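Structural overview for review
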Amino acid sequence: MTADQPSPEPAGKDRGRAGRAWIPGRSQKAEASQRMRILSVGGRSLRVSVREGTPGWPPLLLCNGIGVSLELLQPFVDVLDPRRPVIRFDMPGVGGSPAVALPYHLITLPSLLAGLLDELGYQEADVLGISWGGALAQQFALSRPERVRRLVLVSTAPGVIMVPASPSILLRMLSPRRHRDPDYAARIAGELYGGSARENPIVARDLLHATTRLGPAWGYYYQLLATAGWTSLPFLSKLRPPTLILAGDDDPIIPVANARIMHRLIPHSDLHIYRGGHLELAADAEHLGAIVEAFLDADTTTGATTTDGS
């Protein structure tokens, strides 16, 4: 079931034109070429953005971080090859997707992603997950390996069995306040996100507020609950798709040690450690977009490699 929507303005009185110039890679022409719709998948309504691309190209399915809508990764989408189809979506209760009555868990979500691909007519996709979305991408690749051609994991970890952030960072992650209060987001941006946000917290504030849609607070808490007890660590050696792991050397939320552990455990994986923090996929989209493009287009026989910075 599909309902087409015009590309909506971000929710919130001040979430329109303000701050858009701060977003690297912003292209209104590219944004306008993307079709926004509401899809019914497995009894859930999802707001979905599809950039059609060229027929025959494998689509790139993007899984976003906790509490943020699909608009956050617009700068990244803008720098990708326009021939590449791109699928983005809001989790239930986040952005423009209606909230669900009951919580869900990561283990139950692969059927949601598979159903989304089915609705859009794709048997297989490249999958990129960032932060919380990286956990979702791992679970999807483990549960539905035949649906994942290549896997990209950005600023993410293997769940509850991981090298944790500091207690102060974990405490801030328990609340969606940074998604609801732009001034608060700017104040804590450097401490929480690291990298470019330390020098220019306005970039982080605008990525979280000037372009994204705001869902109900319980959508954030549902995403938190979805990770309860979840870990991929014992199963990473079973991941079949070629995998690229991207990690920032200054990421307070996901310490870089997690990426090194995952790289050692995932058989066909490349690790690239970039200079920056948790939001660089959007804040430094041109640089990281080129790395992702090269990986998606590379020969599948390429051996595992590690790259530190560039």
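The shown structure was predicted, so the numbers you read here are calculated from the model rather than taken from an experiment.

The next subject is the packing of aromatic side chains. In total, this model carries 2 aromatic pairs according to the counting rule given. The interplanar angle of 85 degrees and the centroid separation of 6.3 Å between the aromatic rings of Tyr104 and Tyr222 together place this pair among those described as edge-to-face. With Tyr104 in the loop between strand E5 (86-89) and helix H3 (110-120) and Tyr222 in helix H10 (residues 217-226), this residue pair connects regions lying 118 residues apart in the sequence. Like Tyr222, Tyr104 is buried.

What follows deals with the pairing of strand E3 (residues 44-51). For E3, the tally of buried residues reaches 6 of 8 residues, placing the bulk of the element in the interior. From the end of strand E2 (residues 35-41) to the start of E3, which pair antiparallel, there are 2 residues, and Gly42 there has a positive phi angle of about 55 degrees. Note: E3 against E5, 4 bridges, orientation antiparallel. Of the residues in E5, the one forming a bridge with Val50 is Ile87.

Moving on, we come to a nonpolar patch on the surface. A cluster of nonpolar side chains, contributed by Val163, Ile261 and Leu265, occupies part of the molecular surface with about 190 Å² of accessible area. For Ile261, the position within the fold is in helix H11 (residues 257-265). What makes Ile261 partly exposed here is its relative accessible area of 35%.

Let's shift gears to empty space enclosed by the protein. Following the criterion strictly, the structure yields 5 cavities of 30 Å³ or more and no others. Roughly 140 Å³ of internal volume is contained in the largest cavity. Around the largest cavity sit 15 residues that line it, and Gly65, Ile66, Tyr193, His278 and Leu279 are the ones nearest its centre. Grouping the constituent residues of the lining of the largest cavity by class yields 9 nonpolar, 5 polar and 1 charged. What lines the second largest cavity is Gly67, Gly93, Val94, Gly95, Pro176, His179, Arg180, Leu214, Gly215, Pro216, Gly219 and Tyr220. Listed by contribution, the elements that provide at least two residues to the lining of the second largest cavity are helix H6 (177-180) and H10. Grouping the constituent residues of the lining of the second largest cavity by class yields 5 nonpolar, 6 polar and 1 charged.

The rules behind each value
Residues numbered from 1 in each chain as written. Predicted model: local features only at pLDDT ≥ 70, side-chain atom pairs only at ≥ 80, totals over all residues. Heavy atoms only, no water. Phe/Tyr/Trp six-rings, centres within 6.5 Å; stacked < 30°, edge-to-face > 60°. Helix = DSSP H or I, 4+ residues; strand = E, 2+ residues; numbered from the N terminus. Buried < 20%, exposed > 50% of the residue type's maximum accessible area, 1.4 Å probe, protein only. Pairing = 2+ DSSP bridges. Patch = residues over 30% accessible without salt bridge, like charges linked within 9 Å, V, L, I, M, F, W, Y side chains within 5 Å. Areas by Shrake-Rupley, 256 points an atom, 1.4 Å probe, with all protein chains shown as cover. Salt bridge = Lys/Arg side-chain N within 4 Å of Asp/Glu carboxyl O. 1 Å grid on protein atoms, 1.4 Å probe; cavity = no way out; pocket = protein on both sides within 12 Å on 5 of 7 lines; lining within 4 Å. Points joined across faces, edges and corners; volume = space filled by probe spheres on them. Nonpolar A, V, L, I, M, F, W, Y, C, P; charged D, E, K, R; others polar.

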